[in-house]
Amino acid sequence: MGGPASSAWPRRPFTAVGVTGPSMFPTLRHGDAVLVRRGGRAVRPGDVVVAVFRTRPELLVVKRAVRPQDGGWWVRGDNELVTDDSRAYGVADVLGRVVARYWPRPGRLPPAPL
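Residues numbered from 1 in each chain as written. Predicted model: local features only at pLDDT ≥ 70, side-chain atom pairs only at ≥ 80, totals over all residues. Heavy atoms only, no water.

1. Focus on the packing of aromatic side chains
The relative placement of two aromatic rings is captured by the distance of their centres and the angle of their planes.
Then, number 1: One pass over the full model with this rule turns up one aromatic pair.
Then, number 2: Look at Phe53 and Tyr89: their rings are 5.2 Å apart centre to centre, the planes differ by 45°, and that puts the pair in the tilted class. Here Phe53 is found in strand 3 (residues 48-53), whereas its partner Tyr89 is found in helix 2 (residues 86-89), with 36 residues between them in sequence.
Then, number 3: Taking the relative accessible area as the measure of exposure, Phe53 reaches 1% and is therefore buried. (Phe/Tyr/Trp six-rings, centres within 6.5 Å; stacked < 30°, edge-to-face > 60°. Helix = DSSP H or I, 4+ residues; strand = E, 2+ residues; numbered from the N terminus. Buried < 20%, exposed > 50% of the residue type's maximum accessible area, 1.4 Å probe, protein only.)

As structure tokens, this is what we get:
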């Protein structure tokens, strides 16, 4: 994993992460806060994850896992108009899986939009 973002990532099993930008709209919005679990069950395609791109290790992102690739994950945002995901930066290493949004609209995240 390596890189500044992943080395600063907390080692505890759960951590809070704030969402910035429009890339995960409509699932998540700018300003949402999510609870992220490190460990637990394995990441599956369709999970929302926190990850770092291998080509941009300083950038911590919230994206949807699409498929395993090259020992990491191909990730994409839910907003098709924003391409700051694996289409631009390649494979990402997943740091944790988003398990719930807790602010400002608490609840589980819906599946990927159609």
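2. Concerning a nonpolar patch on the surface
Then, number 1: Where nonpolar side chains cluster on the molecular surface, the patch consists of Phe14, Leu35, Tyr102 and Trp103 and spans about 420 Å² of accessible area.
Then, number 2: Looking at where Tyr102 falls in the secondary structure, it is placed in strand 6 (residues 92-103).
Then, number 3: Looking at Tyr102, the relative accessible area reads 40%, which means it is partly exposed. (Patch = residues over 30% accessible without salt bridge, like charges linked within 9 Å, V, L, I, M, F, W, Y side chains within 5 Å. Areas by Shrake-Rupley, 256 points an atom, 1.4 Å probe, with all protein chains shown as cover. Salt bridge = Lys/Arg side-chain N within 4 Å of Asp/Glu carboxyl O.)

3. A word on the nonpolar core
Then, number 1: The biggest cluster of nonpolar side chains holds eleven residues, and these are Val17, Val19, Met24, Leu28, Val34, Val36, Val48, Val50, Val62, Val98 and Leu109.
Then, number 2: Taken together, the elements giving at least two residues each to this core come down to strand 2 (33-37) and strand 3.
Then, number 3: When near neighbours in sequence (up to four residues on either side) are disregarded, Val98 contacts Val34, Leu35, Val36, Val48, Val49, Val50, Val62 and Leu109.
Then, number 4: Among the nonpolar cores identified, the runner-up in size contains nine residues, and Val49, Ala51, Val75 and Ala92 belong to it. (Core = buried A, V, L, I, M, F, W, Y, C linked by side-chain atoms within 4.5 Å. Contact = heavy atoms within 4.5 Å.)

It is worth stressing that arrangement in space is one thing and function is another; only the former is reported here.
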